[in-house]
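Here is what each chain is made of, one letter per residue.
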Amino acid sequence: MKNIYMMAAICITAIGCNHFAVPSNTPVTNVELQNDQGKVILAGHCSISSLQSNPYKEWFDKSYNEYKIDTSSAEMIKLLLQNKTIEIFLGSWCGDSKREVPRMLKVLQSVNFDTADIQLIFVDNSVKKYKQSPQHEEAGKNIFRVPTFVVYNKKREIGRIIESPVVSLEKDLLAILKQENYTPNYKAVV
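Residues numbered from 1 in each chain as written. Predicted model: local features only at pLDDT ≥ 70, side-chain atom pairs only at ≥ 80, totals over all residues. Heavy atoms only, no water.

Let us now look at the nonpolar core. Core analysis: the biggest nonpolar cluster contains 35 residues, and Leu 51, Leu 81, Ile 88, Leu 105, Leu 108, Ile 118 and Leu 120 have the highest contact counts within it. Setting aside residues up to four positions removed in sequence, Leu 51 forms contacts with Leu 42, Tyr 56, Lys 57, Trp 59, Phe 60, Leu 105, Leu 120 and Phe 122. Within the second largest apolar cluster, 8 residues are counted, among which are Val 123, Ile 143, Val 146 and Val 150. (Core = buried A, V, L, I, M, F, W, Y, C linked by side-chain atoms within 4.5 Å. Buried < 20%, exposed > 50% of the residue type's maximum accessible area, 1.4 Å probe, protein only. Contact = heavy atoms within 4.5 Å.)

Structure follows, in structure tokens:
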């Protein structure tokens, strides 16, 4: 009987462990809602094209166009992205998301990463739904800061960049893809 309880405890612990998180499988909804401050924000699983409409287009285009890609690192990234998916938790209200997400999308597009393998999940900033999406894709994934870029290999998390890169988006992503010893700025609680 003790063995059954021990196995149950191990299974529960393993399920809760961040490295067993799998990408969300919710439909793209492109939901806009009004937050506590009365501003319109994106919420839930949205398409990349949603960032090309107002009021998001202005900050998206500015950050995207101004970013200079580290092409030597990008070339190495290109080779390692096979069978990978990336989940990006962000807030259309968040300054760090407005800066880093367009840059990451530019890096990924520069290496011809399939946009079907990128999921954008927008979280709310209202008091009662802080850092939550309407469909709760963040549940169990320790999303405390945004943006959070979660990289998966065959549906198993292999690393994440939290809020901003340690060195650069390209070098941090490369370290994750090479499965080097990488610790993000804000280590996720496991």
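Another point: helix α3 (residues 71-80). Listed as buried for α3 are Ser 73, Ala 74 and Ile 77. Buried residues in α3, looked at end-on, bunch into an arc of 100°, giving them a common side. In α3, the exposed positions that point more than 90 degrees away from the buried face belong to Thr 71, Glu 75 and Leu 79. Each element contacted by the buried residues of α3 is listed here: α4 (95-110) and α5 (169-177). (Helix = DSSP H or I, 4+ residues; strand = E, 2+ residues; numbered from the N terminus. Arc of directions from axis to C-beta.)

Spatially, 6 strands are ordered β1-β2-β4-β3-β5-β6 in an open sheet, and the strand pairing comes out mixed. Each edge of the sheet is formed by a strand with only one pairing partner; in this case those strands are β1 (31-34) and β6 (156-162). Ignoring which end each strand starts from, the neighbouring axes of this sheet average 25° apart. (Pairing = 2+ DSSP bridges. Axes fitted to C-alpha atoms, helices over the stretch in contact; angles between N-to-C directions.)

Put simply, side chains in a regular strand alternate between the two faces of the sheet. For strand β4 (residues 118-122), a buried count of 5 out of 5 residues is recorded, marking the element as mostly surrounded by other parts of the structure. Side chains of β4 alternate between two faces, with Ile 118, Leu 120 and Phe 122 and Gln 119 and Ile 121 buried alike. Alignment of strand β2 (residues 40-46) against β4, held across 3 bridges, turns out to be antiparallel. Bridging across to β4, Gly 44 finds its partner in Phe 122.

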